[in-house]
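Chain by chain, the residues:
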Amino acid sequence: MADADSRSGQVYFDGRILDWCDRTHAPHDEALQRAFEAPARAGMPPIHVAPSEGKLLELLLRMVGAKRVVELGTLAGYSALRLARALPEGGKLWTVEFDPRHAEVARDVIAKAGLAEKVEVCVGRGVEVLPTLEAHGPFCVVFIDADKESYDVYGRWAARHVRPGGLLLGDNSFLFKNLLDDSARAAVMRRFHEEARAHFDTVNVPTPDGLLVGLKR
Ligand SMILES: C[S@@+](CC[C@H](N)C(=O)[O-])C[C@H]1O[C@@H](n2cnc3c(N)ncnc32)[C@H](O)[C@@H]1O
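Since we're looking at a predicted model, the values are computed, not measured.

What counts and what doesn't
Residues numbered from 1 in each chain as written. Predicted model: local features only at pLDDT ≥ 70, side-chain atom pairs only at ≥ 80, totals over all residues. Helix = DSSP H or I, 4+ residues; strand = E, 2+ residues; numbered from the N terminus. Buried ≥ 20, exposed ≤ 12 C-beta atoms within 10 Å, placed from the backbone. Contact = placed C-beta atoms within 7 Å. Near = placed C-beta within 6 Å. Nonpolar A, V, L, I, M, F, W, Y, C, P; charged D, E, K, R; others polar. Pairing = 2+ DSSP bridges. Axes fitted to C-alpha atoms, helices over the stretch in contact; angles between N-to-C directions. Parallel < 35°, antiparallel > 145°, perpendicular 65-115°, else oblique. Left-handed = near helix turned anticlockwise from the far one by under 90°.

Draft legend 1. Just the overall build of the protein chain, in detail. Looking only at helices and strands, one finds 9 helices and 7 strands in the protein chain. Projected onto its principal axes, the C-alpha coordinates of the protein chain cover approximately 50 × 40 × 30 Å. In the protein chain, buried positions account for 40% of the 217 residues. At a minimum sequence separation of 6, the contacts of the protein chain that also span at least 24 residues come to 70%.

This is the structure we're talking about:
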C-alpha cells in the first residue's frame, strides 16, 4: 500500500483526459448545456458539479430506484436536471437554494428542460427549509452541495429521513484540499464524514473535490 506522501502524487488524469471522458460518457444535450452555461450568463459563480459528476449522480439515483430526492444547493439547476432526469414518472426533487436570484435562474432552466412538474425549487436556508419537507419523506436520496458550515446538520437530517437502501451524497467532501485543516469548517466536514458512517455504509469517491457516498443501513 502506498504511503500518504506518495499517494498525494498519484494523479492519473489531466484536463484533456477529463474533457474527453466528459464528452464520451456525459455529453450535454441542449437543456444540459443551457443549465451548464447559465451561471456564467447570469453573472453567478460557475460552481456547479462537472459533467461526469452530474452523470454519476444520475446513475446513482437510477441504481437505487430513487423516487423522492432532496438537493441542498441549487445554483442554476445543472445538478438538479441530472437528478430529475433519473426520476421515474411521479418522482419528485425538492431542491433548496438560499439566494432568490439563483432560484429564479434555476426555475427558468428547469422549466425550459420540461421538468417543472418534477422539481420544486424551495428558497431559504437549508437548515430552515429541511423541516418543512419532512412530511414528504422518507426520501430515497439526499444530495448535499450547499454551505459547507452546515454539512454535519444536513448529514444528521439525512440519517433521520433517508429510507433504508437510500443514499447520502455529499459533494466537496475534500473541502477544497482543506479537510485536515485546523479550522471550524474543516472540523464540521470531518464530523460529517464520521457521523455518516454510523448510519450509512460509506465511501469517499475521489472526484476532483471528493464525493461522499453512503448507502443507508
Ligand atoms: C456549489 S453551488 C450548488 C451547485 C449545484 N448543486 C450544481 O451542481 O448545479 C452552492 C449553492 O448553495 C447555495 N447556498 C449557500 N448557502 C446556502 C444555504 N444555507 N442554504 C441553501 N443554499 C445555500 C448557494 O447560493 C449556491 O447557489
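Draft legend 2. Here's a closer look at the site of the ligand. The local shell around the ligand holds 19 residues, among which His48, Gly73, Tyr78, Ser79 and Phe98 are the closest. Contributing elements (two or more residues each) for the shell around the ligand: α5 (78-85) and β2 (92-97). Classifying every residue of the shell around the ligand gives 8 nonpolar, 6 polar and 5 charged.

Draft legend 3. Spotlight on the sheet that holds strand β1 (residues 68-72). Taken together, the 7 strands give an open sheet; going across it, the order is β3-β2-β1-β4-β5-β7-β6, and neighbouring strands pair in mixed fashion. Two strands in the sheet have a free side with no partner beyond their single neighbour: β3 (119-123) and β6 (200-205). On average, each strand axis in the sheet is inclined to that of its neighbour by 15°, with strand direction left out of account. Across 4 bridges, β1 lies against strand β4 (residues 139-144) in parallel orientation. Counterpart to Glu71 in the pairing with β4 is Phe143. Across the sheet, helix α7 (residues 126-133) is in contact with β1, β2 and β3; its angle to β2 comes to roughly 155°.

Draft legend 4. Broad picture of the environment of Trp157. Positionally, Trp157 belongs in helix α8 (residues 151-161). You can call Trp157 buried: it has 24 C-beta atoms within 10 Å.

Draft legend 5. Structural view of the environment of Ala113. Tracing the sequence through the fold places Ala113 in the loop between α6 (100-112) and β3. Residues Ala113 and Leu56, spaced 57 residues apart in sequence, show a C-alpha to C-alpha distance of 19 Å. The contacts of Ala113, once residues within four sequence positions are left out, are Ala31 and Leu81.

Draft legend 6. Expanded view of the packing of helix α4 (residues 51-63) against α5. Where α4 contacts α5, the axes come no closer than 8 Å and their chain directions differ by 25°. As far as their axial angle goes, α5 and α4 are roughly parallel. Seen from above, α4 lies across α5 with right-handed handedness. Contacts between α4 and α5 involve Gly54, Lys55, Leu57, Glu58 and Leu61 on the former and, on the latter, Tyr78, Ser79, Arg82, Leu83 and Arg85. Its residues placed into classes, the contact of α4 with α5 shows 4 nonpolar, 2 polar and 4 charged.

Draft legend 7. Geometry of the packing of α8 against helix α9 (residues 184-199). Remark: α8 packs on α9, axes separated minimally by 8 Å, with the N-to-C direction vectors making an angle of 15°. Classified by the angle between their axes, α8 and α9 sit roughly parallel to one another. Crossing hand, α8 versus α9: right-handed. Contacts between α8 and α9 involve Tyr151, Asp152, Gly155, Arg156 and Ala159 from the first element and Val188, Met189, Arg191, Phe192, Glu195, Ala196 and His199 from the second.

So yeah, pure geometry; function would need other evidence.
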